[in-house]
Amino acid sequence: YEQNDPYFKLQSNIKQMKIDEVHAKATGRSVLIGMIDTGVDSAHPDLTGQIARNENFVEEISPSFTSDKHGTAVAGIMVAKKNNGTGIIGVAPDAKLVALKACWPDRMPGTSTLSMRQPERQTGCTRLARIFSGRPTGSRLAARAVPVWL
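Residue indices follow the written sequence of each chain, beginning from 1 at its first position. Per-residue local features are limited, in this predicted model, to residues with pLDDT of at least 70; the limit for side-chain atom pairs, both in listing and counting, is 80 or more; totals at the level of whole chains, interfaces and linings are taken over all residues. For side-chain calculations, the full set of non-hydrogen atoms in the structure is used, while hydrogens and water are omitted.

A. Representation of the nonpolar core within the structure. Ranked by size, the top nonpolar core spans eleven residues in total: Ile 33, Met 35, Val 40, Leu 47, Ile 51, Ala 75, Val 79, Ala 92, Ala 95, Leu 97 and Ala 99. Helix and strand definitions here come from DSSP, where helices need a minimum of 4 consecutive H or I residues and strands a minimum of 2 consecutive E residues; each element is numbered from the N-terminal end. Counting residues per element, the ones that place at least two in this core are strand E1 (32–37), helix H3 (69–79) and strand E3 (96–101). In this description, a nonpolar core means a group of buried Ala, Val, Leu, Ile, Met, Phe, Trp, Tyr and Cys residues linked to one another through side-chain atoms lying within 4.5 Å. Burial classification: accessible surface area is computed with a 1.4 Å probe over protein chains only, and a residue below 20% of its type maximum counts as buried, one above 50% as exposed, and the rest as partly exposed.

Quick look at the structure:
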């Protein structure tokens, strides 16, 4: 399985999944994947053309997508282009992504969102996770996210 993506050799998980055999049958063509995370840098070379929609639900807290490294990395694992001579290959390189930014990088270096074990410092992502698990109702964030997803 020949790949010209420079970091493919570091993707041991992809090799364990026998991605060459998977991609012989399916690459995600005509599939739309939804992701709730920090934002996605749609200008990233491995993601150019892969993002169907990039929506920010926390612009008053985190207006930029350029510092959203976690969401960009997760998006790459899912839909990074293959054989483009850049970065990695995604599990579904022909799928498109709807990226919903409901989390933001934390102010502490090296961290993003905080866990639900710290309710006094919940992030938007924690609140959105609770919304989609049935609590709380009537949230403005849920009211904005659900129509985008549907």
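B. A look at the pattern of salt bridges. Any Lys or Arg side-chain nitrogen located within 4 Å of an Asp or Glu carboxyl oxygen qualifies as a salt bridge. Following the criterion strictly, the structure yields three salt bridges and no others. Arg 29 serves as the salt-bridge partner of Asp 94, at 3.3 Å between the closest nitrogen and oxygen. In this pair, Asp 94 sits in the loop between H3 and E3 while Arg 29 sits in the loop between helix H2 (19–25) and E1, placing the two residues 65 residues apart along the sequence. Residue Asp 68 pairs with Lys 101 through a salt bridge whose shortest N-O separation is 2.7 Å.

C. Structural detail: unusual backbone geometry. Of note in this structure, Lys 18 is not a glycine but carries a positive phi near 55°. Structurally, Lys 18 can be placed in the loop between helix H1 (12–16) and H2. When its relative accessible area of 47% is taken as the criterion, Lys 18 is described as partly exposed.

D. Structural detail: the pairing of E1. Of the two faces of E1, the one lined by Ile 33, Met 35 and Asp 37 is fully buried and the one lined by Leu 32, Gly 34 and Ile 36 carries no buried residue. Pairing of E1 with E3, which is carried by six bridges, proceeds in the parallel orientation. Following the sheet pairing, Ile 33 is matched in E3 by Leu 97. Pairs of strands are assigned from DSSP output, requiring at least two bridges between the strands.

E. A look at the sheet that holds strand E2 (residues 51–56). What the three strands build is an open sheet, ordered E1-E3-E2; its pairing is parallel. Taken across any chain shown, the strands that pair with only one partner, and hence form the sheet edges, are E1 and E2. Strand-to-strand twist across the sheet, computed as the mean angle between neighbouring axes with direction ignored, equals 10°. With five bridges joining them, E2 and E3 adopt parallel strand pairing. Within E3, the position partnered with Asn 56 by the bridge is Lys 101. Sheet strands touched by H3: E1 and E3. Its angle to E1, the strand with the most contacts, is close to 160°. To define axes, lines are fitted to C-alpha atoms, for helices over the stretch in contact only, and angles between the resulting N-to-C directions are given on a 0 to 180 degree scale. Here, two residues are considered to be in contact whenever any of their heavy atoms come within 4.5 Å of each other.

F. Fine view of the confidence of the model for the protein chain. For the protein chain, the mean per-residue pLDDT works out to 75, and 68% of the residues sit at or above 70. Residue-level confidence of the predictor, termed pLDDT, takes values from 0 up to 100. A low-confidence stretch, residues 108–124 stays under pLDDT 50, and its non-local contacts, those more than four residues away or across chains, total 26 contacts. The model gives residues 126–138 a pLDDT under 50, and that stretch makes 19 contacts with residues more than four places away or in other chains.

G. Broad picture of the environment of Glu 59. Within the fold, Glu 59 resides in the loop between E2 and H3. Once the C-alpha coordinates of Glu 59 and Ala 102 are considered, the two residues, 43 residues apart in sequence, prove to be 9.0 Å apart.

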